[in-house]
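# Remarks on the overall topology
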Amino acid sequence: QLKQADTVSTYKSIIPVERQSLLSNVDLIANMQFGHSSDWDDGSWQGSKFNMNQFRMEIRGWVTEKLYFRFRHRYTSSFEPQSVDNIIKGVDYAALTFKVNEKWSITAGKMATDWGGIEFDLNPIDIYTYSDIIEQADNYLAGVGATYQATKDHSFGLQLLNPRTQTAEEIYGEDVIIGGDIETAKAPWAGVFNWRGSFFDGKLNTLWHYSVFNEGDDDFQNYMAFGQQLNLNKWSIAYDYKLSLEDVDRTGIIRNLISTNDQTYVLRNTRYESHWLSVQHRIHPQWQLSLTAFVDFSSVKNEMGDYKKVRNAYSYIPAIEYYPFKDYNVKLFVNYVGRVFRYTDFAEDTFNLSNGDTGRLSFGIITPLNFL
Amino acid sequence: QLKQADTVSTYKSIIPVERQSLLSNVDLIANMQFGHSSDWDDGSWQGSKFNMNQFRMEIRGWVTEKLYFRFRHRYTSSFEPQSVDNIIKGVDYAALTFKVNEKWSITAGKMATDWGGIEFDLNPIDIYTYSDIIEQADNYLAGVGATYQATKDHSFGLQLLNPRTQTAEEIYGEDVIIGGDIETAKAPWAGVFNWRGSFFDGKLNTLWHYSVFNEGDDDFQNYMAFGQQLNLNKWSIAYDYKLSLEDVDRTGIIRNLISTNDQTYVLRNTRYESHWLSVQHRIHPQWQLSLTAFVDFSSVKNEMGDYKKVRNAYSYIPAIEYYPFKDYNVKLFVNYVGRVFRYTDFAEDTFNLSNGDTGRLSFGIITPLNFL
Amino acid sequence: QLKQADTVSTYKSIIPVERQSLLSNVDLIANMQFGHSSDWDDGSWQGSKFNMNQFRMEIRGWVTEKLYFRFRHRYTSSFEPQSVDNIIKGVDYAALTFKVNEKWSITAGKMATDWGGIEFDLNPIDIYTYSDIIEQADNYLAGVGATYQATKDHSFGLQLLNPRTQTAEEIYGEDVIIGGDIETAKAPWAGVFNWRGSFFDGKLNTLWHYSVFNEGDDDFQNYMAFGQQLNLNKWSIAYDYKLSLEDVDRTGIIRNLISTNDQTYVLRNTRYESHWLSVQHRIHPQWQLSLTAFVDFSSVKNEMGDYKKVRNAYSYIPAIEYYPFKDYNVKLFVNYVGRVFRYTDFAEDTFNLSNGDTGRLSFGIITPLNFL
């Protein structure tokens, strides 16, 4: 008898039928981005080193015709269980999807938020640097979701999630920042509505979402992203627009930029906006050139209720990618990530912030290594 | 040549025979209990959220006809290696079992303590709330064990284990609590003796144990549990009696209840007792009703050497469970966990403790997902 | 459509061909050394307990004919991501090897340093106690490596690595120790050159390396090891010589021995030297006797620029090993690790250090358990 188990294993001598189908349908994957990078700050070299930028172990697949399982675990993130959802932060996915019928499926567990935009839809190993909003967000949350495949080309999704993995106190600090004004919700929630569309035989794809995060009784974050991707022969062009309006500064860029002694504008009424453009050109079956450029705007409301711009962050990432194998997904890359931070007169006067540039030159290897 | 390896892999083109038998006999399992829960304290709503209550990855199976391996790892527990047994706390099992012959088997490694009682024998994902003694105990310890299968229906087990994963100093604190009286053993140990019985063709099963923990020269914990389970057609009824007599308050409920300023009774001579009853009724092949009820008594010896009751904790868990698939082990559940804490006059007078009730309403999904 | 994925899984009913070859060529292994040990200090018994000395989960194999993947993860080490290479410390390997042709292969990722010496080349579960230099070193580093198989019997390797997983500040402390003298390099690096030779049909094997670690502008560590192994019928004899010359005390034994108040010799100009001898005699197909003995010398330069010996550490490990299965790699062991620490007059006078002996008697089980 087996302690704390639900089935008893007995010794059999051949691969049973159900195991054969599991083997066919479940993948074990090591998602890896490894490279060497050199950093510059305002043109001055800061250092160089090897880096495991991404290492995410993944198990995913159909365990029956109706049930899909996905687990993904980051080895570059903290292993502490989180106070709200009880599972370690580095777990991106621990979720079960039930395919109700051809139209409907339901997912429960910890999962990626079903956000719009092409940028977030890509495998993280294919991103060299995320734009501000995604970089700062909690992208993996516990909850439930439903997907409705309306037609072959259009599906709609709805998620209801915890809005964070930690308590508000852990995220925003205890008294310095929140002040006496914010009443934390007893049942904070996030709702995400999503549309995936496809037009002209997949030549144009759209991925849009609108989401609301409820943090306190009168505190909401409205975040939406509108992504579209055009696939033309050897060219692929993607453009995302993202907008986040935050009663409490959840994204936190301004909160982190200004000193905690300057509390006038802290935390309340921030606005983040982002344009993201990525062009990829497959010049040869094994060679690809790409240019990704994005701008992130950060604003905060002043006492008169007007949004005042704090920072424009311009980023550009030219890259050359080489696929050494025709039949296996591995790529070598060289890229440069240039970032230009421009502060407004308002930010310079009020928060004493000043402009700066950073650069990073990297080369390395990317693979979603399917090892079983 | 392969660095730090014992065998060399070479490229072969078909599944070798030994691999086929491994595939047949080894399971990879994601044990998962995920849900949404709402909490009440003395009738006042505290909050609601999604929760990964349990997520334990497991590998288990026969690697040869004689060798069984089991590994299970909690993703909801701390990942720090422990000071005594050197492996991270979240690892439940990392153990090897050698089947000597039809009668005897021997296990070495970190493993579940072979405790009696039906409650602890169930897969943790099937438990909504553990009774006090199990909830507080170190249930996974390093050591060795032997099992003797006396007849088809009766087996006996004996384990010799480290009594904890951390040092006594880490568990009991350094000077405030232990005082100068307790001399920590240089070779602390735990012994567990276990009997699993089956009667009337499995209609009645028993699972009893007696254990001794030796912590210091004169400090022992005597813990025993007597579980029995009756299976009658669509009904399953289980009853456990548990009793723990502790020279040092290892279970720690009283220690944690009373202020550390009140040191009179601290730590010494506690007694925990528990009655646990669980009734399950399969009203339909895919529907099950269950009611689990238990009471936990906590007592401590006073200066005259008499046990004085501190707290009675009454708990009840009605649940409805639905199995959506006939051929795959997934269940949906709704349950309510009600707990009523009643303190004695002695506890109110001496420790200033007062009564309280808590409630938790949950719904969610449970599966020991066999993904490979 | 699958979020953050690169391929789409669809339901198929038989094991596809590519999966069959993965199954044949990829191993999942639980490297385990578990046992019971008793410790003595200067002849006085300190305590006894069960211990998971080693537990390293490993995935390794050929994912295509050209690509080899290796991942190994320690469950007895800290799970915090490291500041320099970004991946958790407990990951030994997360590396991809590309076999360019019969002669050349290239590896990138986190990997074992390609050090000489038989001791470090063995699977860690087969080592009862490492000699000082290896015990103290960062043995798993991020970087790239190339191997050239010159002939059937001789190969040469070159690695370029980060010299550590943490920053110099984290390793050496911030101000007390380093002083104002050491300028940390912006691009610290380590280079390792390695030769593996085989003579007389494998009867004699050599494994030599020379490495340079560059930590600061004028701060280097030169570490070299020369290992040789003689295989004669039932006897196997291995001898390693290791020498490490360190401008900064990276190995850190002297740094840790002396009080941080004595800063005169701290950190600068240490020298570690080691002779390691291991003799194994297979007295019966299932029984092996072994004796490992090594001496570690620690020296530091005084103000006149002369090396002064601080400590000689003599270690000896007799062991008896039994292989219960003829066809499966499991061994039972009993061993004794005796260590004799002898300080020089210089060390006693200058640092107030005094001699000591330790002993550890252990028995247990070792297996590189190939479970899939």
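Description of the structure in this document. (Residues numbered from 1 in each chain as written. Chains lettered and ligands numbered in written order. Predicted model: local features only at pLDDT ≥ 70, side-chain atom pairs only at ≥ 80, totals over all residues. Heavy atoms only, no water.)

### Quick look at the relation of the copies chain A and chain B
With an axial shift of 0.0 Å and an RMSD of 0.0 Å, the rotation relating chain A to chain B amounts to 120 degrees. Both chain copies can therefore be described as sitting about a three-fold axis. Scanning chain A for the C-alpha nearest the rotation axis identifies phenylalanine 79 of chain A, at a separation of 3.7 Å. Mapped onto chain B, only 9% of the interface residues of chain A again fall at the interface, so the copies present different surfaces. (Least-squares fit on C-alpha atoms with pLDDT ≥ 70 in both. Contact = heavy atoms within 4.5 Å.)

### Things to note about the interface of chain A and chain C
Across the contact, 58 residues belong to chain A and 53 residues belong to chain C. Regarding the contact of chain A and chain C, the summed buried area is about 4,700 Å², with carbon and sulfur atoms giving 62% of it. The largest per-residue losses of area from chain A upon contact with chain C belong to Phe50, Tyr75 and Leu372 of chain A, which jointly make up 15% of the total buried on that side. Counting across the chain A and chain C interface gives zero salt bridges. The interface formed by chain A and chain C includes eight residue pairs in polar contact (both at pLDDT 80 or more). Sort the elements by how many residues they give to the side of chain A that touches chain C and strand 2 (residues 44-62) of chain A lands first, with 13 residues. Classifying every residue of the side of chain A that touches chain C by side-chain character gives 30 nonpolar, 19 polar and nine charged. (Buried area = accessible area lost by both parts, 1.4 Å probe. Salt bridge = Lys/Arg side-chain N within 4 Å of Asp/Glu carboxyl O. Polar contact = N/O pair within 3.5 Å; in protein donor to acceptor, adjacent residues only side chain to side chain. Helix = DSSP H or I, 4+ residues; strand = E, 2+ residues; numbered from the N terminus. Nonpolar A, V, L, I, M, F, W, Y, C, P; charged D, E, K, R; others polar.)

### Quick word on the pattern of salt bridges
Residues and elements named next belong to chain C. Taken as a whole and judged by the stated rule, the model has 66 salt bridges over all chains. The shortest N-O distance in the salt bridge between aspartate 138 and arginine 250 comes to 3.1 Å. Of the two residues, aspartate 138 is situated in the loop between helix 3 (132-136) and strand 6 (140-149) and arginine 250 in the loop between strand 11 (235-248) and helix 5 (253-257); the sequence distance between them amounts to 112 residues. Like aspartate 138, the residue arginine 250 is buried in the burial classification. A salt bridge links arginine 271 to glutamate 273; the nearest nitrogen and oxygen atoms lie 3.0 Å apart. Among the residues examined, arginine 271 registers a relative accessible area of 24% and is labelled partly exposed. (Buried < 20%, exposed > 50% of the residue type's maximum accessible area, 1.4 Å probe, protein only.)

### Thoughts on empty space enclosed by the protein
As enumerated under the stated definition, the model contains eight cavities of 30 Å³ or more in all. Its volume calculated, the largest cavity comes out at about 440 Å³. Taken together, 25 residues make up the lining of the largest cavity; nearest its centre are Ile59 and Tyr75 of chain A, Ile59 of chain B together with Ile59 and Tyr75 of chain C. Secondary-structure elements contributing two or more residues to the lining of the largest cavity are strand 2 and strand 3 (67-74) of chain A, strand 1 (26-41), strand 2 (44-62) and strand 3 (67-74) of chain B together with strand 2 (44-62) and strand 3 (67-74) of chain C. Of the residues contributing to the lining of the largest cavity, the split by class is 19 nonpolar, three polar and three charged. By volume, the second largest cavity amounts to about 70 Å³. Surrounding the second largest cavity, Trp115, Ile133, Ala137, Asp138, Phe213, Gln221, Tyr223, Arg250 and Thr251 of chain C form its lining. Taken together, the residues of the lining of the second largest cavity break down into five nonpolar, two polar and two charged. (1 Å grid on protein atoms, 1.4 Å probe; cavity = no way out; pocket = protein on both sides within 12 Å on 5 of 7 lines; lining within 4 Å. Points joined across faces, edges and corners; volume = space filled by probe spheres on them.)

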